[in-house]
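# What the coordinates show
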Amino acid sequence: MKKMLAEKPVDVNEEGYLLEFAQWDKEIADAIAVEEKIDLKDGHWKAIEWIQNEFKKDSPLSIRGIKNSGTLNIKEFYELFPGGPLKKASKIAGIPKPKSCI
Amino acid sequence: MSETKVKKMLFILSKATLENVYAAFIMANGARMEGIEAEIFFTFFGLEAIQKKKLEHLHVATVGNPAMHMPTMLGAIPGMEAFATGMMKKEMEKLNMPPVGEFLEILKDSGVSLWACKLAVDMFHLKETDLIDDLDGILTIGDFYGRANEDGCQLLYI
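A few points on the structure. (Residues numbered from 1 in each chain as written. Chains lettered and ligands numbered in written order. Predicted model: local features only at pLDDT ≥ 70, side-chain atom pairs only at ≥ 80, totals over all residues. Heavy atoms only, no water.)

### Topic: the interface of chain B and chain A
Each side of the interface is counted separately: chain B has 19 residues, and chain A has 18 residues. Where chain B packs against chain A, one counts five salt bridges. Ionic pairing is found between A:Arg64 and B:Glu93, a salt bridge with its closest N-O pair at 3.6 Å. For the interface between chain B and chain A, the tally reads four residue pairs in polar contact (both at pLDDT 80 or more). Counting residues per element, the side of chain B that touches chain A draws most heavily on helix α4 (residues 100-109) of chain B, at five residues. (Contact = heavy atoms within 4.5 Å. Salt bridge = Lys/Arg side-chain N within 4 Å of Asp/Glu carboxyl O. Polar contact = N/O pair within 3.5 Å; in protein donor to acceptor, adjacent residues only side chain to side chain. Helix = DSSP H or I, 4+ residues; strand = E, 2+ residues; numbered from the N terminus.)

### With respect to the sheet that holds strand β1 (residues 8-13) of chain B
Residues and elements named next belong to chain B. The five strands are arranged β4-β3-β2-β1-β5 in an open sheet whose pairing can be described as parallel. Each edge of the sheet is formed by a strand with only one pairing partner; in this case those strands are β4 (137-139) and β5 (153-157). Taking the axes of each pair of neighbouring strands and ignoring which way they run, one obtains an average angle of 25° across the sheet. Bridging between β1 and strand β2 (residues 37-42) involves six bridges; their strand directions are parallel. (Pairing = 2+ DSSP bridges. Axes fitted to C-alpha atoms, helices over the stretch in contact; angles between N-to-C directions.)

### Focus on helix α3 (residues 80-94) of chain B
Residue and element names in this part refer to chain B. For α3, built from 15 residues, the straight-helix expectation of 21 Å at 1.5 Å per residue is met to within 8% by its first-to-last C-alpha distance of 22 Å. The elements touched by buried residues of α3 are α1 (18-33) and α2 (72-75). At the exit of α3 stands Asn96, carrying a positive phi of roughly 65°. (Expected span 1.5 Å × (residues − 1).)

Structure (structure tokens):
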């Protein structure tokens, strides 16, 4: 379905995840973050960038991956995106909802 | 999942077989990933999963486990449990599942509280130094129930 984010029409699924990563930009990220009640700061952008790089490499996201990322640690990640960090961060980063159980 | 009525999951882990330990760990970690609080109470044999010297040496059960599809006599052959455990660990590594020690670190960093059962600690004559440093403390079951005293809390015995 279509949704207006940062005054731009984007395609999202019923949970609000972007369907086309190409439609993503930083303003859209900010708009999604506001819906998730997160104020994006430097730490968030670092996490988003890392997640997007993993997505481009086609490597599945997991909490263990965060631990081994070298950029983030798990504690920080939970503090940055409280209440379901992997999902919220993916949503803001404009990539599909992660399917990982770990 | 958007909003869940489950706010907190409390796990009681009473077994030391690899499949049970991982079940508790994956569910606790999965809860945190959904924004649900999680705690694990290690009791009886479950204490092996938080004993420094034992936690990396847990096994799958080859005897008394019908899902192994192995005759009991065969499962009892020396080395069989180690072999089956090795096989399972290899499969788990393929799925990027961390070993027990690393998994405990991940749980701790994710905000999962880890508790040891006082009665079981006394029964097995364990000292606090035998247990992992990340442990939050040693509790009685009454103390643990106290932690369940809120809306949206679920207890699960494994």
